Amino acid sequence: MKPGIHPPYRPVVFRDRAAGFAFLTRSTVTSDRTVEWEDGATYPVIDVEISSASHPFYTGAQRVIDTAGRVERFERRYGRGGKREAAR
């Protein structure tokens, strides 16, 4: 890599406040706020809206969408899709 053109790559804590989950990783993102981590060191902290601890896909709380019912309703309302009507 070319020296002097890349932002600093350093340890950062990402925190999901809704789930009470945080993890330490390395990133180039910056923050004015800091947090004291389990090892006693202070790191910049980034609060995120959603993480693997709160996302429905990872927690198993996802909803199953009834796509078959939606397709059937569409076909009842507008007729069979994809086929053109006979020329008039």
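These figures come from a predicted structure and were not determined experimentally.

Draft legend 1. The sheet that holds strand β2 (residues 21–27), seen in detail. Taking strand neighbours across the sheet as the criterion, the four strands line up as β2-β1-β4-β3 in an open arrangement whose pairing is mixed. Across the chains shown, the open sheet's two edge strands, defined by having one partner strand only, are β2 and β3 (34–36). Within this sheet the neighbouring strands show an average axis-to-axis angle of 45°, counted without direction. Where strand β1 (residues 10–16) meets strand β4 (residues 42–48), four bridges bridge the pair, whose relative direction is parallel. Looking at the pairing, Phe 14 lines up with Ile 46 of β4.

Draft legend 2. Summary view of the packing of aromatic side chains. Enumeration over the complete set of coordinates arrives at three aromatic pairs. Centre to centre, the rings of Phe 21 and Phe 23 are 5.8 Å apart; their planes meet at 40°, and the pair counts as tilted. Pairing Phe 74 with Tyr 78 gives two aromatic rings, centres 5.0 Å apart and planes at 50°, and the pair type is tilted. Here Phe 74 and its partner Tyr 78 are both found in helix α2 (residues 67–78), four residues apart, which amounts to about one turn of the helix. Classification of Phe 74 as partly exposed rests on a relative accessible area of 47%. A network of ring pairs unites the aromatic residues Phe 14, Phe 21 and Phe 23 as a single cluster.

Draft legend 3. Seen up close, the environment of Arg 15. Relative to the elements of secondary structure, Arg 15 occurs in strand β1. C-alpha of Arg 15 to C-alpha of Asp 47: the two residues are 32 residues apart in sequence and 4.8 Å apart in space.

Draft legend 4. Region of interest: the side chain of Ser 27. In this fold, Ser 27 is placed in strand β2. At 3.1 Å, the side chain of Ser 27 forms a polar contact with the backbone nitrogen of Val 29. Ser 27 has contacts with Pro 8, Tyr 9, Arg 10, Val 12 and Phe 14, leaving out every residue within four places of it along the chain.

Draft legend 5. Spotlight on the environment of Val 35. For Val 35, the position within the fold is in strand β3. When the C-alpha atoms of Val 35 and Arg 15 are compared, they prove to be 9.9 Å apart, with 20 residues separating the residues in sequence. When sequence neighbours within four positions are dropped, the list of residues in contact with Val 35 reads Val 13, Arg 15, Ala 41, Thr 42, Tyr 43 and Val 45.

Draft legend 6. Up close: a positive patch on the surface. Taken together, the side chains of Arg 70, Arg 73, Arg 76 and Arg 77 present a region of like positive charge at the surface. Checked against the element boundaries, Arg 70 lands in helix α2.

Analysis parameters
Residues numbered from 1 in each chain as written. Predicted model: local features only at pLDDT ≥ 70, side-chain atom pairs only at ≥ 80, totals over all residues. Heavy atoms only, no water. Pairing = 2+ DSSP bridges. Helix = DSSP H or I, 4+ residues; strand = E, 2+ residues; numbered from the N terminus. Axes fitted to C-alpha atoms, helices over the stretch in contact; angles between N-to-C directions. Phe/Tyr/Trp six-rings, centres within 6.5 Å; stacked < 30°, edge-to-face > 60°. Buried < 20%, exposed > 50% of the residue type's maximum accessible area, 1.4 Å probe, protein only. Polar contact = N/O pair within 3.5 Å; in protein donor to acceptor, adjacent residues only side chain to side chain. Contact = heavy atoms within 4.5 Å. Patch = residues over 30% accessible without salt bridge, like charges linked within 9 Å, V, L, I, M, F, W, Y side chains within 5 Å. Areas by Shrake-Rupley, 256 points an atom, 1.4 Å probe, with all protein chains shown as cover. Salt bridge = Lys/Arg side-chain N within 4 Å of Asp/Glu carboxyl O. Lys, Arg positive; Asp, Glu negative; His and termini not counted. Charge placed at Lys NZ, Arg CZ, Asp CG, Glu CD.

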